[in-house]
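Residues per chain, in single letters:
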Amino acid sequence: MNAGRLQLKVKRVSSRKRSRDSLKTYLTPASKRGGGPCPQQCPTACRVSSMMADTPPVEFCSDSEDLFGDYDSILEDSSLLAKLDDAEQNERQRNVQTSAQNGDADQPDFTGLRATKDGVQKRVSEDVLSDSILDGLTDEPFEDLPPSQLLFQEQMKESVKRSRLQDGETTSTPSKNTERNTERNTERNTERNTDRNTDRNTERNTERNTDRNTERNTERNTERNSERNSERNTERNTERNTERNTDRNTDRNTDRNTERNTERNTERNREDESKRTSRRSVADQLKRTMLCNAASPSSVSRTAVLKEAVVSEEISVAMQAMETVSSQTTDLGPFFGLPSKVKDLMHKLRGIQTLYDWQETCLNLDCVQRRRNLIYSLPTSGGKTLVAEILILRELLCRKKDCLFILPYISLVQEKVRGLASFGLELDFMVEEYAGSKGRFPPVKRRNNNSLYIATIEKAHSLVNSLIETGRMENLGLVVVDELHMLGDGSRGAIIEMTLSKVLYTSRATQIIGMSATLGNIKDLQTFLKAENYTNDFRPVQLKEYVKLNDSIYEVDPREEDCFRFCRPLNFKYSSGMQKLDPDHIIALVTEVIPTHSCLVFCPTKKNCENVAGMICKYLKEDFLQHRQEEKSVLLQHLRDSGNGSLCPVLRRTVPYGLAYHHSGLTSEERKLVEEAYSSGVLCLLACTSTLAAGINLPARRVILRSPYVAADFLKRSQYKQMVGRAGRAGIDTVGESILILQEKDRNMARTLVCAPMEKCFSNLMHDEGKGLLSLILSLVGLNITSSCDQVRDFLRGTLLYVQQEQTCVRRSLWEEVQQCVDVLKEKNLITVSADGQTLQVTQLGKATYKGSVDLTYSEVLYGDLSKGLEGLLLNSNLHLVYLVTPYDMISQCKPDWMTFFRQFTLLSASEQKMSAAVGVPESFVARKAAGQTVKKTANMEVVSRMYLALVLFSLLKETNLWSVAERFQLSRGFIQTLLSSSSAFCSCVLHFTEELEEFWPFRALLSELTKRLSYCVRAELIPLMEVAGVMEFRAKQLHDAGYKSLTHLANADPSALCSSIENLFKKQANQIVASAKMLLNEKAAALQEEVDELLTLPLDLPRAADAERH
Ligand SMILES: Nc1ncnc2c1ncn2[C@@H]1O[C@H](COP(=O)(O)OP(=O)(O)OP(=O)(O)O)[C@@H](O)[C@H]1O
Ligand SMILES: [Mg+2]
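Residues numbered from 1 in each chain as written. Chains lettered and ligands numbered in written order. Predicted model: local features only at pLDDT ≥ 70, side-chain atom pairs only at ≥ 80, totals over all residues. Heavy atoms only, no water.

Novice: Please give an account of the pattern of salt bridges that cites residues and values.
Specialist: Two side chains with opposite charge may pair up if their charged atoms get near one another. Enumeration according to the criterion identifies 41 salt bridges in this entry. Note that lysine 1037 is salt-bridged to glutamate 1033, the shortest N-O span being 3.6 Å. Of this pair, lysine 1037 and glutamate 1033 are both found in helix H46 (residues 1033-1041), 4 residues apart, which corresponds to roughly one turn of the helix. As far as burial versus exposure is concerned, lysine 1037 and glutamate 1033 are alike and both buried. Put simply, Glu555, Asp557, Arg559, Glu560 and Arg565 are held in one network by salt bridges that share partners. (Salt bridge = Lys/Arg side-chain N within 4 Å of Asp/Glu carboxyl O. Helix = DSSP H or I, 4+ residues; strand = E, 2+ residues; numbered from the N terminus. Buried < 20%, exposed > 50% of the residue type's maximum accessible area, 1.4 Å probe, protein only.)

The following block contains the structure:
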């Protein structure tokens, strides 16, 4: 009963009512935390704590808004009120049954009625009711409770259990606190009611109580019990209250309890004595009383009284807690439960003063308040990120839990880390980057603050795995997935699904938020994530979509029959030469907006981007050259510096006109310089591929889609939406427009493209012959999440695949697929299956595979390569190790140029050539290929291509000059950079793989060093600077030359000084660099501190002298 009471309290007053210790963990912002006993000025808190459990008085540090928010939501929670009613009903029935069992079957109606000494009839009936209602609530779990509260309830139950044990209670006390609390509630209500109904009620109550108690006491209480109760209750309550209450409360409570108990028991005894004689008239009197009650209009129902009592108590508690809190601080909760400092930071760091209406609505949604899972979907540029960030801050600051923010690309992760580092520094939480080769598994435990992990899809999966493995999922309060529609994106989609299913299965308390602009089947995703949905079509700047067909512009209008409504003719006078060169009138369309406004031209291929940029500037007037001339020459200089003196010839030609191209062939430094110049208006046009559309916030006044294709594939609706969604810059443009250039042949398909509903997003666990499902099952077994086929099936019921099994499992039923996977895993020696086919266990190879996130297709090959490597590992050069970590999945992306291959091969040392021959690429093979001769002895072409890529990496590590290596191997510098970052990521995977397999111990130290070298393929002195998120080689060189030589230098730098000493570094960027450096420094220092603490902590199981003697 006590526990029941507790649950009711928790539900109503929310998680704010906690002991100081738990408050420290969940609620109190760092700045407010402090040890010590409850200060005297916290009377409400003390009272609440004494109501909730027999724990010492607590202090409440909560925000007013949250208190009321939760409180209000509960008042509106009809389910709770319904539960109260149900519970009351149950209690009635229970009483009936109890009486029946006690032989009261003939008088079932009277069992709920008890006597009180002071004629306050309601009090006793409420005592009974309170307990009964709470019983009902205890037995019936709150399905609608947010997981956090369920968790909290469990914690509270635990703490109550503990406190009981400490108290040495051997019997379940019929809720002395409940009685005490109910008495208090009742007193208060009674007082109120008494004012209204004094005369009538007093009379009736006296009558009713007398009868009821007579009946009950006569039957239940013997004289012996009365006496013993009287003595024992008096003594026990006096003692217990004296011990438990604080000094301040002790006297009052002791006096009150002693007095009350003594009085009550004495009264009962007296009544017992007298009522025994008048038993016969009881039934009559009761009937009379009840009739009287029923007839009385002012009679208040027990439920109503109870509700009122509980509610008024809660209001009073909340009010007083609020007063206490606001007397201590006036700054908790004004900004969606967050301190007003967050609002200031939003303004200062983001320039955001007010939230959009939809953002406010979304943040105030009931399901958001209750921490339910949520999917929200709004058009591009709708401001979705801000809502997620506020929820993250709330989780970090108010609930003191860690958060995981999943973004699709490394560049986006870095951008977010840079953007949120300042928030972390100001609000005292860690921002940790999990991208490329960065990120620790499991993450460092933070004792004093919480972490926000910002991760790519792959890293997020490894992170969740490591948290599950170390039993730390309960610390992960929130997972946010940006671009949730990527669930439908091949193998990456499968990884998102695995991550989210694991979170759902292993931690009910972790909230999941997904956002997207392009979701066609939200219902499926809602079912999968057990999430609510919020959709709005808000866009800060209106988007007008057009298509160009022949010489006319048509507006996209789904209401029109063929979706296109004629808008205007294109009246451009093109010479015949120009018409030939630019048949699509791109020049005419862009010159309508540039250079005053910005323009993005999406092109189907990389080459086309360069061609379009080059073509446009050929026909631009000289005026364009004058526009922001100086800044453009600075940009060119920086582009040259970033290439160690080399400058892309196309950019050299286009940048003076304010134009550039943007695709994956550029190095990340070049891309970044181009993006920054475009954002600041130095460049007015970018010819780009669809990759620019995903994520990076580079809006334009006009977006032109050069054709409805990406390479040879017709655009998908979601791709189209992402591209046109870049049109319209909030705060700058009043309108954004997109123009899709169409050929007559594409007209029909284009109609579907612009008007059809969004594509559906399907599970990808069965993608690529069920690779995702295979690796999911392997990791489930490896992580001990499941250890039998039944459990695997149980887990899979919580996946998107299960929701969509009819559409996705075509060949076999889902359960047949599962069986098939188990067989394959067993065949590959990744798991073992017990004789009865039920128990699954991971093998060492299986463990290494999932721990290293190694694609199952390659795990056997990798094992073979590493084993072979051990036989004759070449250590006087990097080549062999580099070969072993050259990613298998990059092989297909590059065809060797045989002449280059041969030339490079001849430059290798004899031992390197020998090693190459040993892995299967002998000189003779390469020489024959280079000479164009046919090769009799066939070689494994995958191995040959892998060796070619290894040579690229090998050259790069030696000279660190991307440009010259790109030129030598005739590959784009962007590709080489991608190869480098994939290799560093794969190298860390191989390292984790070898860590699980004893036979590979010699690789560990070597691979750990190689990972670092591949991650920062630069001069050693630049590495500490490049560890800072988003600082690339060129910027690192600038910083180094300016005297900022270490992380500490950067972390302590004055941003203004940085700006003045580094050319073309804007204040905002300088601030972000310094903040990121500070964050990284803090992170490193905290990790070291954790290590120190661990080293200095006395082991709990340290054998003592006494133990030694015993042995
Ligand atoms: N309340 C606001 N007031 C002013 N600007 C805002 C507000 N909320 C967001 N923004 C700005 O709007 C821009 C777009 O926001 P955001 O990147 O969150 O869009 P999105 O909905 O995620 O779009 P996409 O689907 O393209 O990723 C950002 O520059 C952001 O700073
Ligand atoms: Mg976004």
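That covers the picture; the talk isn't over yet.
Novice: If you had to explain the nonpolar core to someone new, which residues and values would you point to?
Specialist: In terms of nonpolar packing, the biggest core is built from 200 residues, with Leu404, Ile594, Ile616 and Phe901 touching the most fellow members. When neighbours within four sequence positions are excluded, phenylalanine 901 is seen to be in contact with Pro896, Val921, Val926, Val944, Met947, Tyr948 and Leu951. In terms of nonpolar packing, the next biggest core, distinct from the first, is built from 50 residues, Leu363, Cys367, Val431 and Ala1075 among them. (Core = buried A, V, L, I, M, F, W, Y, C linked by side-chain atoms within 4.5 Å. Contact = heavy atoms within 4.5 Å.)

Novice: Break down the site of ligand 1 for me, with residues and values.
Specialist: Around ligand 1, the surrounding shell holds 17 residues, and the nearest of these are Thr354, Gln359, Ser381, Lys384 and Thr385. Within the backbone of glycine 382, a nitrogen or oxygen atom sits 3.1 Å from an oxygen atom of ligand 1. Protein coverage of the free-state accessible area of ligand 1, which is 630 Å², stands at 80%. When residues in the shell around ligand 1 are grouped by element, the largest group, 3 residues, is from helix H16 (residues 384-397). By residue class, the composition of the shell around ligand 1 is 6 nonpolar, 8 polar and 3 charged. (Near = heavy atom within 4 Å. Polar contact = N/O pair within 3.5 Å; in protein donor to acceptor, adjacent residues only side chain to side chain. Areas by Shrake-Rupley, 256 points an atom, 1.4 Å probe, with all protein chains shown as cover. Nonpolar A, V, L, I, M, F, W, Y, C, P; charged D, E, K, R; others polar.)

Novice: Tell me about the side chain of arginine 706, and please be specific about residues and values.
Specialist: Within the secondary structure, arginine 706 sits in the loop between strand E14 (702-705) and strand E15 (709-710). Polar contacts involving the side chain of arginine 706 include one to the side chain of aspartate 584, which spans 2.7 Å. Apart from the residues lying within four places of it in its own chain, the contact partners of arginine 706 are Asp584, Ile586, Val601, Phe602, Cys603, Pro604, Asn608, Val612 and Ile741.

Novice: Which residues make up the sheet that holds strand E7 (residues 531-535), and what values go with them?
Specialist: Read across the open sheet, the 7 strands follow the order E3-E4-E2-E5-E6-E1-E7; overall the sheet is parallel. On the outer flanks of this sheet lie strand E3 (430-434) and E7, each paired with one strand and no other. Shown here is a sheet whose adjacent strand axes are inclined to one another by a mean of 15°, direction ignored. Both strand E5 (residues 476-481) and strand E6 (residues 511-516) contribute to a ladder of 4 bridges, which runs parallel. (Pairing = 2+ DSSP bridges. Axes fitted to C-alpha atoms, helices over the stretch in contact; angles between N-to-C directions.)

Novice: So what's going on with the sheet that holds strand E8 (residues 542-549)? Residues and values would help.
Specialist: The 8 strands are arranged E10-E9-E8-E17-E14-E11-E13-E12 in an open sheet whose pairing can be described as mixed. In the strand order of this sheet, the two ends are held by strand E10 (564-569) and strand E12 (659-662), each with one partner. Pairwise comparison of adjacent strand axes, ignoring direction, gives a mean angle of 25° for this sheet. As judged from the 4 bridges shared by E12 and strand E13 (residues 685-688), these two strands associate in the parallel manner. Opposite alanine 660, over in E13, you have leucine 686 as the bridge partner. Most of the contacts of helix H28 (residues 717-724) go to E14, to which it runs at about 145°, and overall it touches E8, strand E11 (599-602), E14 and strand E17 (735-742).

Remember that the coordinates give geometry; whether it matters functionally is a separate question.
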